[in-house]
Amino acid sequence: MHWDDITGGFQKRTPYPQIMGYVDPADAPKVRYSGRHDYSRYGIKVCLIRSKTSPEVWEKLLQVVPECPYVKLPTCTKTILEILGNYPEGMTRKSLREQMLQKGYPSYRIRRAIKTMGKDGRITLEGSNFSPNQLVRQSAGKEGDS
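Residues numbered from 1 in each chain as written. Predicted model: local features only at pLDDT ≥ 70, side-chain atom pairs only at ≥ 80, totals over all residues. Heavy atoms only, no water.

J.: Looking at this structure, how should I read the overall build of the chain?
T.: Scanning the chain for helices and strands turns up four helices and six strands. Ordered by position in the sequence, the α and β elements of the chain form the string β-β-β-α-α-β-α-α-β-β. By residue count, 33% of the 146 residues in the chain fall in the buried class. The contacts in the chain between residues at least 6 apart in sequence include a share of 51% that link residues at least 24 apart. Accessible area of the chain: about 9700 Å², with a carbon and sulfur share of 52%. (Helix = DSSP H or I, 4+ residues; strand = E, 2+ residues; numbered from the N terminus. Buried < 20%, exposed > 50% of the residue type's maximum accessible area, 1.4 Å probe, protein only. Contact = heavy atoms within 4.5 Å. Areas by Shrake-Rupley, 256 points an atom, 1.4 Å probe, with all protein chains shown as cover.)

Printed below as a string of structure tokens:
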């Protein structure tokens, strides 16, 4: 059992880390899974869903699995908005990224959050998305995390 954010079947990133584990191929018929799994030497990688797991079993899992490294971090978007709130004139993408990395956010999450927030209008992006000098600022009237 371990925390991971890559699914076993389609190898896709999940929105946040989840408890994953491996099921022996012999036990696979007893477990619900997406169906697109290759049998590795470890078996089938599955995600344990808290809402589908009894509270007793979940508590036992938390005693076995070390604490998730991302649990204590606020959402990436919330932190971006807090940082940008201190820079009303905006800041470069590179500076924002550096501050986020120092706080412990993985780079792929920072990229995804900036892209999503730009599309939904919470932040304004001026310049090329590929430039570290792209200007990032909080959009007028868009305060807080939704």
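Having seen it, we continue.
J.: Honestly, the nonpolar core in this entry has me stumped. Any pointers?
T.: By size, the foremost hydrophobic cluster in this structure holds 15 residues, and its most contacted members are C76, I80, L96, M100 and I123. Put simply, the parts of the chain that give this core at least two residues each are α2 (76-85), α3 (93-103) and α4 (107-120). When near neighbours in sequence (up to four residues on either side) are disregarded, I80 contacts L96, M100, A113, I114 and M117. (Core = buried A, V, L, I, M, F, W, Y, C linked by side-chain atoms within 4.5 Å.)

J.: Is there a simple way to explain the sheet that holds strand β6 (residues 135-138) in this structure?
T.: Across a sheet, strands are paired by hydrogen bonds formed along the backbone, either parallel or antiparallel in direction. Read across the open sheet, the three strands follow the order β4-β6-β5; overall the sheet is antiparallel. Of all the strands in the sheet, just β4 (91-92) and β5 (123-126) have a single pairing partner and so form its edges. Of the pairings in the sheet, the one linking β5 to β6 comprises four bridges and is antiparallel in character. The residue of β6 that forms the bridge with T124 is R137. Packing of α2 onto the sheet brings it into contact with β4, β5 and β6, and relative to β6 it is tilted by some 95 degrees. (Pairing = 2+ DSSP bridges. Axes fitted to C-alpha atoms, helices over the stretch in contact; angles between N-to-C directions.)

J.: What is the right way to read the pattern of salt bridges from this model?
T.: Two side chains with opposite charge may pair up if their charged atoms get near one another. Counting across every chain of the model gives three salt bridges. For K45, the salt bridge is made with D4, and the minimal N-O distance between the two is 2.5 Å. Note that K45 is positioned in strand β3 (residues 44-47) and D4 in strand β1 (residues 2-6), a separation of 41 residues in sequence. Grouping residues by exposure puts K45 and D4 together as buried. For D120, the salt bridge goes to R122, with nearest N and O atoms at 2.9 Å. For D120, a relative accessible area of 37% translates into the label partly exposed. (Salt bridge = Lys/Arg side-chain N within 4 Å of Asp/Glu carboxyl O.)

It is worth stressing that arrangement in space is one thing and function is another; only the former is reported here.
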